[in-house]
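Next come the chains, spelled out residue by residue.
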Amino acid sequence: MLENLVLAITMAIAAGLVGCFAVMRRMALAADALSHVALPGIGVALALHIHPIFGAAAMLFFGALLVWAVEGKARVDTEVVIGVLFSAALAVGSMLTSGEDLVEALFGGAGALSWPEILFGIVAAALVVAFVVTQRNRLVVMLVSPDVARTAGINVRRLNLLYLLTFALTIALGLRYLGVLLMGALIIIPAATAKRLAKNLTQMLLIAVGVAVAATVVGTGLASWLHRETGSLIVTVAACIFLLGFLRK
Amino acid sequence: MDHILEVDRLSVRFGNVEVLTELSFSVAKGSSLAVIGPNGAGKTVLFKALIGSIPSAGAIRWAPDVQIGYVPQKLALQRDVPITGMDFLQARSKRPKGSSAEISRVLDLVGISKDVSECTIGTLSGGQFQRLLVAFALLGNPSVLLLDEPTAGIDEPGQQQLNELIHRLQEEQSLTVLFISHELTVVYRYATNVLCLGRKRVCFGPPRTILTPDLLTEIYGTPVDYHVHHA
């Protein structure tokens, strides 16, 4: 139980941090759509009797690479590609998965976790946190102007790829709890709340992490108390915090 | 003469449209090059090619160890992001702890107070934001500044202050400055050479020979008025 909570909290910290740059880059909707691409991966993995997380992670990394490749092409509309392909992924994934597995893949399901899963989760979350903390300055300059970033010696294409892969890894981390439909929300809602309330970047990162962790802890607690799905309650709590922040300002 | 930049038959093409065709010019160290021309002539495209952000054909040769400071014209950034001027400047510093003195120095140079630097960048006025971008460029100890219409959207006194600031920095720090401008008076006053990108032809030379009524009419396709202030 305790190790489950530790893993959920590390996942929330990663989601809060990664989400800040996603919201500032205006990829809130893209973030949500990208998480859908995990579903066919889960379906294939289940059919092959391998752990669903491997199938999901593989598809998410593929999705991130696709977004990266499309963004490099000036004459292709990234949003259209994301909208069409990733919704198609959801449709194909629903055909490949069925019954209880489908519900769990879509909305998450808190079952018992094995030690390798917990260790993998904590190491992956630590990687995400380390990336955002060490690359924070470069990400800020790239956000303000990719051209200025280039003249400041930043490899913009590579940094962008690393960010998208980190983003994909963060989604993979949360699939267990929130599923492919809700994980995007835990990345975006805390960051959107923080964007409204923060007066500088450090505040934004701290508030986003705080909201993500609070929503995860409170949501998990409520889920076990009310005997409801964890993922739905985490996102509902996060949305309530967003609403409070919205009313406060 | 010692050149900091040599451009040889530079061409840039977007699909079937050739924006720049076999453009050649050079820029001497410590000099000032103004790029003028009507909208859509490829001025910003030229700057983007010079910093390597878009693919181009031909040769762009910067002097070895050149450090470019780029001040773009427009940013696609949302106005409500909680990134302060200070966040942005600190992001440029390679040494997080020793950077505050350096940041204070460039803020003084461009005339931004500490209070203004603590505001989020979306709330800064056009002039303050341009100064912040110049400050950011200066943090990298540049040898060349590329300024894309640095005074666009700024009121008259603000424009004058910013132009004087850039000119002062150029003299104090022996910078080479390349700037895009529609202000022909400013071009006449500050540029060593003018690169004129016209719809039909390109010309290059000192302001006195380029900024003639006939040539300007040919470049812009319509007569252009401007006043020369003789010092």
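Above: the structure in question.
Note that the coordinates shown come from a computational prediction; the quantities given were computed from them, not determined experimentally.

Engineer: Describe unusual backbone geometry, and please don't skip the residues or the numbers.
Structural biologist: Excluding glycine, residues mostly carry a negative phi; peptide bonds, for their part, are mostly trans. All names here are of chain B. Despite not being glycine, Arg 9 has its phi angle at roughly 50°, a positive value. Looking at the element boundaries, Arg 9 is found in strand 1 (residues 3-14). Note on Arg 9: 11 C-beta atoms within 10 Å, which makes it exposed. Residue Glu 22 is not a glycine yet carries a positive backbone phi of 45°. Of note, Glu 22 is situated in strand 2 (residues 17-28).

Engineer: Can you explain the nonpolar core? Please cite residues and give values.
Structural biologist: Counting 156 residues, the largest nonpolar core has Leu186(A), Ala208(A), Ala238(A) and Ala135(B) as the members making the most contacts within it. Looking at this core, the element that brings in the most residues is helix 9 (residues 156-197) of chain A, giving 22 residues. For Leu186(A), the residues in contact, after removing those within four places along its chain, are Ala12(A), Ala15(A), Gly174(A), Leu178(A), Ala212(A), Ile234(A), Val235(A) and Ala238(A).

Engineer: Lay out the sheet that holds strand 7 (residues 176-180) of chain B with the relevant residues and their values.
Structural biologist: For sheets, the rule is that strands pair by backbone hydrogen bonds, running either parallel or antiparallel. All names here are of chain B. Reading across from one edge, 5-6-7-3-8-9 is the order of the six strands in this open sheet, with mixed pairing throughout. The sheet is open, and its two edges are formed by strand 5 (68-71) and strand 9 (202-205), each paired on a single side. When the angles between neighbouring strand axes are averaged without regard to direction, this sheet yields 10°. Note that strand 8 (residues 193-197) and strand 9 share four bridges and pair antiparallel.

Engineer: How would you summarise helix 10 (residues 201-226) of chain A if you had to cite specific residues and measurements?
Structural biologist: If you check helix 10 of chain A, its first and last C-alpha atoms are 37 Å apart, about what 26 residues at 1.5 Å a residue would give, namely 38 Å. Within the sequence span of helix 10 of chain A, burial applies to Leu201(A), Met204(A), Leu205(A), Ile207(A), Ala208(A), Val209(A), Val211(A), Ala212(A), Ala215(A), Thr216(A), Gly219(A) and Thr220(A). Buried residues belonging to helix 10 of chain A abut helix 1 (2-24), helix 7 (115-144), helix 9 and helix 11 (230-248) of chain A together with helix 2 (85-92) of chain B. Just downstream of helix 10 of chain A lies His227(A), where phi reads positive at about 55°.

The rules behind these values
Residues numbered from 1 in each chain as written. Chains lettered and ligands numbered in written order. Predicted model: local features only at pLDDT ≥ 70, side-chain atom pairs only at ≥ 80, totals over all residues. Helix = DSSP H or I, 4+ residues; strand = E, 2+ residues; numbered from the N terminus. Buried ≥ 20, exposed ≤ 12 C-beta atoms within 10 Å, placed from the backbone. Core = buried A, V, L, I, M, F, W, Y, C linked by C-beta atoms within 7 Å. Contact = placed C-beta atoms within 7 Å. Pairing = 2+ DSSP bridges. Axes fitted to C-alpha atoms, helices over the stretch in contact; angles between N-to-C directions. Expected span 1.5 Å × (residues − 1).

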